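# What the coordinates show
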Amino acid sequence: MIKVAPSILSADFVNLERDIRSLPAAGADYVHVDVMDGMFVPNITIGIPVVAAISRIAPLPLDVHLMIERPIRYVDAFCKAGSSILTLHVEADTQENTLEALRRIRENGVRAAISVKPNTPAEAVLPFLPLCDLILVMTVEPGFGGQSFLHSTMPKLHQLRQWIDEQNPACELEVDGGVNVETAKICRDNGANVLVAGSAYFKAADPAAFVRAVKA
Ligand SMILES: O=C(CO)[C@H](O)[C@H](O)COP(=O)(O)O
Ligand SMILES: [Fe+2]
């Protein structure tokens, strides 16, 4: 089953509650929340208090994408703030700290996930795969919404689908960045089952029709 996770980075922040409450009627499955620290990526977005506030009104699970340096410092706080899925970047810390952070996420009863930037090889995920409930393949350089989809990431997505099926079949495989109706089909064909869409979802004249097309 294909799931769609609208990224609220492209929502109207003045009307965030309205935009989040409207997601189930459009057929969305998760609320994707992009957390950026101005260090791991050159942008600053949402932090712990805002995730906690969103979690009080969110009608769908929060899929929290941490684009921050040394995320182990903050995983307990983001779990307690109401994350359902908490994603760390493999590039953001040592292997030892990343393994420890994934364990701590699961100890909090939250689903643990790892993300890879476009130039990070599929092999970088392997040490973490047994501890992951979701793998996120970035299909743009992290930092900003509205960028163009990088087709060069598709062989990596395809490889990760094979390894997930062999080693951890319950794990989900998500893509994030530049997803529209056309690129969604390419991602599905290469094994993704969760599709993040920010600008394409929030710009759609008919979000429900957009979600249907992305899942079709
Ligand atoms: O993680 C992200 C950026 O780092 C966002 O989730 C992503 O860019 C979604 O936006 P769009 O669909 O507009 O590309
Ligand atoms: Fe994201």
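It should be emphasised that the depicted structure is a prediction, and the values quoted were computed from it without experimental measurement. (Residues numbered from 1 in each chain as written. Chains lettered and ligands numbered in written order. Predicted model: local features only at pLDDT ≥ 70, side-chain atom pairs only at ≥ 80, totals over all residues. Heavy atoms only, no water.)

Time to look at the coordination of the iron ion (ligand 2). Protein-derived ligands of the iron ion (ligand 2) are His 32 (NE2), Asp 34 (OD), His 65 (ND1) and Asp 176 (OD), with the metal-ligand distances lying across 2.0 to 2.3 Å. Every donor counted, the six donor atoms about the iron ion (ligand 2) form angles of 72 to 171 degrees at the centre, which fits octahedral coordination. Here the donor residues of the iron ion (ligand 2) are spaced in sequence according to H-x1-D-x30-H-x110-D. With relative accessibility at 0%, the residue His 32 sits in the buried group. Since its relative accessible area comes to 5%, Asp 34 is described here as buried. (Donors = N, O, S within 2.8 Å, 3.2 Å for Na, K, Ca; no water. Tetrahedral: all angles 85-135°; square planar, octahedral: opposite > 155°, others 65-115°. Buried < 20%, exposed > 50% of the residue type's maximum accessible area, 1.4 Å probe, protein only.)

As a further point, take unusual backbone geometry. Not every positive phi belongs to a glycine, and Arg 70 is a case in point at roughly 45 degrees. By the secondary structure assignment, Arg 70 is in the loop between β3 (62–67) and α3 (75–80). Relative accessible area serves as the criterion here: at 43%, Arg 70 is assigned to the partly exposed category. (Helix = DSSP H or I, 4+ residues; strand = E, 2+ residues; numbered from the N terminus.)

To continue, consider the site of ligand 1. Taken together, 19 residues lie near ligand 1, and Asp 34, Gly 146, Asp 176, Gly 198 and Ser 199 sit nearest. Between ligand 1 and the protein, one listed contact pairs an oxygen atom with a side-chain N or O atom of His 65 at 3.2 Å. Protein coverage of the free-state accessible area of ligand 1, which is 370 Å², stands at 100%. Counting residues per element, the shell around ligand 1 draws most heavily on strand β2 (residues 31–36), which supplies three residues. (Near = heavy atom within 4 Å. Polar contact = N/O pair within 3.5 Å; in protein donor to acceptor, adjacent residues only side chain to side chain. Areas by Shrake-Rupley, 256 points an atom, 1.4 Å probe, with all protein chains shown as cover.)

Looking now at the UniProt feature "binding site: a divalent metal cation" (unreviewed entry) in the protein chain. In the numbering adopted here, UniProt assigns the feature "binding site: a divalent metal cation" (unreviewed entry) to His 32, Asp 34, His 65 and Asp 176. These residues run over 145 residues, yet every pair of their C-alpha atoms falls within 10.5 Å of each other. One can find His 32 in strand β2. Each residue touching His 32, except ones within four places of it in the same chain, is listed here: Ala 5, Pro 6, Ser 7, Ile 8, Asp 63, His 65, Glu 174, Asp 176 and Val 196. Within the element layout of this structure, Asp 176 appears in strand β7 (residues 172–176). Residue Asp 176 is classed as buried on the basis of its relative accessible area, which comes to 8%. Of the polar contacts made by the side chain of Asp 176, one reaches the side chain of His 65; its length is 3.1 Å. (UniProt positions renumbered as here; feature names shortened; annotations may be inferred. Contact = heavy atoms within 4.5 Å.)

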